[in-house]
Amino acid sequence: MSASSSPLCDLHLHSNASDGSVEPGQLAQDLGHVHLAVLTDHDTLAGSAAFRDGLDSELTPPEGVELSLNWSGGTFHLLVYGNSISTSDLATNIERLALARRDRNLELLDRANQLGLSITETEVLAAAGAPDFLAKSVGRPHFARVLVDHGYAESIQDAFDRYLAKGRPLYSPKTLFGIEEIGPMCVELGFVAVIAHPLSLGVPFSSLGARLREFKQMGLAGVECFYGGYDPKQRGELVDLARDLDLLVTGGSDFHGTFKPGLAALTGYGDLAVPAEVGDNLMERLSRA
Ligand code: AMP
Ligand code: ZN
Ligand code: FE
Ligand code: FE
């Protein structure tokens, strides 16, 4: 998959254990030979073992997960990397997040029906390939797929823009924890907490440094600078900011398969290349955490 000759990293990938379309083991195989790749599904580690078993990487991957945190302005997603997250105290919090997600999804269905969008639980579960709302991490992209299938939206992105994005009629939050709780927990457990796609916080770039400095005091260890959805200038500015604050620089595509059309693992929209050094630095940090 990689256009580059030296193996790359991808530290932000979704499988169909959450709202990606590809099986974890298949996703690992599709990557080919990489320096390091980590599966970071939303609120679940269910795909972790199959992904790691199927991966051909130069470094042994840690577990990973992407958590949605309390944040009033925009969106705060935290990527957590660690060597035994699924058996740690953090797993208890992740289970609580999964329950909140189930309740949020049921509310979303109610709201859709009140708006006259006649989508059903069965259809959403089918889109997720899940027998029920707790078996997998069902999310808004699955609702988006069903809205498109009904003709209520033209594409997954259109379904978000019309209905599912923050501030739109079907949006309902599902967060339980803030960085002030999860950050110190990660420090204590030896995990590395990285802010995902930091521009989605909705903080102007001029005050992003001050915010990240506060988060660092609460345990934030790194910043996702090489993000699939960002342009080279944004990536460069984030790298400078992270280095200024002595935070780890990480990167990944945020691959979701058919739920994010056009976005490839490793290469993003064609211009992403997360260097091997980024993986080395993450592993070095984990080894001394
Ligand atoms: P959920 O975990 O159910 O809240 O859904 C989160 C997923 O929805 C993430 O994978 C995002 O990529 C996707 N998403 C969130 N906001 C948007 C948006 N405005 N446009 C497209 N996708 C979005
Ligand atoms: Zn997602
Ligand atoms: Fe995210
Ligand atoms: Fe993601």
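For clarity, every value in this text was computed on a predicted model and none was experimentally measured.

To continue, consider the coordination of the zinc ion (ligand 2). Around a metal, the idealised angle for a tetrahedral arrangement of four donor atoms is 109.5 degrees; for an octahedral arrangement of six donor atoms it is 90 or 180 degrees. Each protein donor to the zinc ion (ligand 2) is listed here as Asp-19 (OD), Asp-19 (OD), His-42 (NE2) and His-256 (NE2); together their distances run 1.9 to 2.5 Å. For the zinc ion (ligand 2), all donor residues lie on one chain, and their spacing in sequence is D-x22-H-x213-H. Separating the zinc ion (ligand 2) and the iron ion (ligand 3) is a distance of 5.9 Å. Here His-42, found in the loop between strand S3 (36-39) and helix H2 (48-54), pairs with His-256, found in the loop between strand S9 (248-252) and helix H10 (276-287); they are 214 residues apart in sequence, far enough to count as distant. Across the pair, exposure class does not vary: His-42 and His-256 are buried alike.

To continue, consider the coordination of the iron ion (ligand 4). Bound to the iron ion (ligand 4) on the protein side are His-12 (NE2), His-14 (NE2), Glu-66 (OE) and Asp-254 (OD), at distances that span 2.1 to 2.2 Å. For the iron ion (ligand 4), all donor residues lie on one chain, and their spacing in sequence is H-x1-H-x51-E-x187-D. Separating the iron ion (ligand 4) and the zinc ion (ligand 2) is a distance of 4.5 Å. Of the two residues, His-14 sits in the loop between strand S1 (9-13) and helix H1 (24-31) while Glu-66 sits in strand S5 (residues 63-69), which places them 52 residues apart along the sequence. The burial state of His-14 is the same as that of Glu-66; both residues are buried.

Taking strand neighbours across the sheet as the criterion, the five strands line up as S5-S6-S7-S8-S9 in an open arrangement whose pairing is mixed. On the outer flanks of this sheet lie S5 and S9, each paired with one strand and no other. In this sheet, adjacent strand axes meet at a mean angle of 35 degrees when their direction is disregarded. Pairing of strand S8 (residues 222-227) with S9, which is carried by five bridges, proceeds in the parallel orientation. Of the residues in S9, the one forming a bridge with Tyr-227 is Gly-252. Across the sheet, helix H9 (residues 232-244) is in contact with S8 and S9; its angle to S8 comes to roughly 160 degrees. This element, H10, spans strand S6 (76-82), strand S7 (192-195), S8 and S9 of the sheet and lies at about 125 degrees to S9.

By nearness alone, 13 residues border ligand 1, and Arg-101, Arg-104, Arg-140, His-256 and Lys-260 come closest of all. A distance of 3.3 Å separates an oxygen atom of ligand 1 from a polar atom in the side chain of Asp-19. Between an oxygen atom of ligand 1 and a side-chain N or O atom of Arg-101, the distance comes to 2.9 Å. Given that more than half its atoms are within 2 Å of the pocket grid, ligand 1 belongs to the largest pocket. Of all the secondary structure elements, the ones that give two or more residues to the shell around ligand 1 are helix H3 (90-114), helix H5 (140-149) and helix H6 (156-164). Here the shell around ligand 1 gathers at least three residues from each of two domains, domain 1 (9-94 + 175-288) and domain 2 (103-164).

The space that makes up the largest pocket amounts to roughly 970 Å³. Around the largest pocket, the lining is made up of 40 residues, and of these Thr-75, His-77, Arg-140, Phe-160 and Lys-260 lie nearest the centre. For the lining of the largest pocket, the secondary structure elements donating two or more residues are S5, S6, H3, H5 and H6. Among the elements that take part in the lining of the largest pocket, H6 stands out by supplying four residues, more than any other.

So, about the side chain of His-256. A residue is classified by how much of its surface remains accessible, and His-256, at 4% relative accessible area, is buried. A polar atom in the side chain of His-256 sits 2.8 Å from the backbone oxygen of Asp-254. Residues within four places of His-256 in sequence aside, it is in contact with His-14, Asp-19, Gly-20, Ser-21 and His-42.

Now for the environment of Glu-188. When you line up the elements, Glu-188 lands in helix H7 (residues 179-189). Residues Glu-188 and Arg-52, 136 residues apart in the sequence, show an inter-C-alpha distance of 24 Å.

Calculation rules
- Residues numbered from 1 in each chain as written.
- Chains lettered and ligands numbered in written order.
- Predicted model: local features only at pLDDT ≥ 70, side-chain atom pairs only at ≥ 80, totals over all residues.
- Heavy atoms only, no water.
- Donors = N, O, S within 2.8 Å, 3.2 Å for Na, K, Ca; no water.
- Helix = DSSP H or I, 4+ residues; strand = E, 2+ residues; numbered from the N terminus.
- Buried < 20%, exposed > 50% of the residue type's maximum accessible area, 1.4 Å probe, protein only.
- Pairing = 2+ DSSP bridges.
- Axes fitted to C-alpha atoms, helices over the stretch in contact; angles between N-to-C directions.
- Contact = heavy atoms within 4.5 Å.
- Near = heavy atom within 4 Å.
- Polar contact = N/O pair within 3.5 Å; in protein donor to acceptor, adjacent residues only side chain to side chain.
- 1 Å grid on protein atoms, 1.4 Å probe; cavity = no way out; pocket = protein on both sides within 12 Å on 5 of 7 lines; lining within 4 Å.
- Sits in = over half its atoms within 2 Å of the grid points.
- Domains from an automatic or database assignment.
- Points joined across faces, edges and corners; volume = space filled by probe spheres on them.

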